[in-house]
Amino acid sequence: MGNRGRSNYVFDIVIFSMLILAVIFIIVGAVQGIIGTSYFKIILGVWIVALIVINDFAEPYNMGEFDNLSMRRSRLYLLYAVCDAVFYAFLYLFIININKYSEPLHYVFLGLSIASFVGMLMFRKRFKDEPDKDERPSYSGAYVEGGIRSDDDDIKVMILKDRTSK
């Protein structure tokens, strides 16, 4: 196991620890009734931003996932990261408004966080399934037996054989 494998476990431990501590912080805040206070909202907001930065940018950068990305894969990853941030933002709004049961906007935040979570999963799967630049089929541009020439633009051209050279 290389250095990258160990750092992957370190990032996983840090992320899971942050999530567990955030859940404990939310439960303690709900029991003590401090969810509506400003310092609770600020601490939870900073915690979520740190989680997004570590999970979506620091870990993949350290693992080399951003090396040799095609333009399509970079767009898919950007869409995944945006959906992930939107998911946590709506979840944050749901949590800080959890004591407002009668307000329908509270439940809208929950629904939007679930919808953005589904979008995040779809873009993550598409990002993982999309081949890298190095994995795409490449053509040598040389002449192939049978008179077919392959170029980089995936167009096959038939070449007429010279019949006078018998």
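Structural data are supplied above this passage.
Residues numbered from 1 in each chain as written. Predicted model: local features only at pLDDT ≥ 70, side-chain atom pairs only at ≥ 80, totals over all residues. Heavy atoms only, no water.

(A) Region of the structure containing the overall build of the protein chain. Scanning the protein chain from terminus to terminus reveals four helices and three strands. Seen in sequence order, the protein chain has helices and strands lined up from the N terminus as α-α-α-α-β-β-β. Across the 166 residues that make up the protein chain, the buried fraction comes to 28%. If you take every contact in the protein chain between residues at least 6 apart in sequence, the share linking residues at least 24 apart comes to 59%. Accessible area of the protein chain: about 11500 Å², with a carbon and sulfur share of 66%. (Helix = DSSP H or I, 4+ residues; strand = E, 2+ residues; numbered from the N terminus. Buried < 20%, exposed > 50% of the residue type's maximum accessible area, 1.4 Å probe, protein only. Contact = heavy atoms within 4.5 Å. Areas by Shrake-Rupley, 256 points an atom, 1.4 Å probe, with all protein chains shown as cover.)

(B) The arrangement of the packing of aromatic side chains in detail. Under the counting rule described, the total for this entry stands at seven aromatic pairs. A ring pair is formed by Phe 25 and Phe 40, whose centres lie 4.8 Å apart and whose planes are at 15 degrees; its orientation type is stacked. Placement of Phe 25 in helix α1 (residues 3–32) and of Phe 40 in helix α2 (residues 38–63) is noted, with a sequence separation of 15 residues between them. Residue Phe 25 is classed as partly exposed on the basis of its relative accessible area, which comes to 25%. Taking the relative accessible area as the measure of exposure, Phe 40 reaches 0% and is therefore buried. Centroid distance Phe 87 to Phe 117: 5.1 Å. Interplanar angle 45 degrees. Geometry classified as tilted. Taken as a pair, Phe 87 in helix α3 (residues 71–96) and Phe 117 in helix α4 (residues 104–129) lie far apart in primary sequence, 30 residues in all. Its relative accessible area of 33% is what places Phe 117 among the partly exposed residues. (Phe/Tyr/Trp six-rings, centres within 6.5 Å; stacked < 30°, edge-to-face > 60°.)

(C) Focus on the nonpolar core. Ranked by internal contacts, the top residues of the largest apolar core, which has 17 residues, are Phe 40, Leu 44, Ile 48 and Tyr 88. Going through the elements one at a time, α1, α2 and α3 are the ones with two or more residues in this core. Looking at this core, the element that brings in the most residues is α3, giving six residues. Counting nine residues, the second-largest nonpolar core is a separate cluster that includes Leu 69, Leu 76, Ala 81 and Met 120. (Core = buried A, V, L, I, M, F, W, Y, C linked by side-chain atoms within 4.5 Å.)

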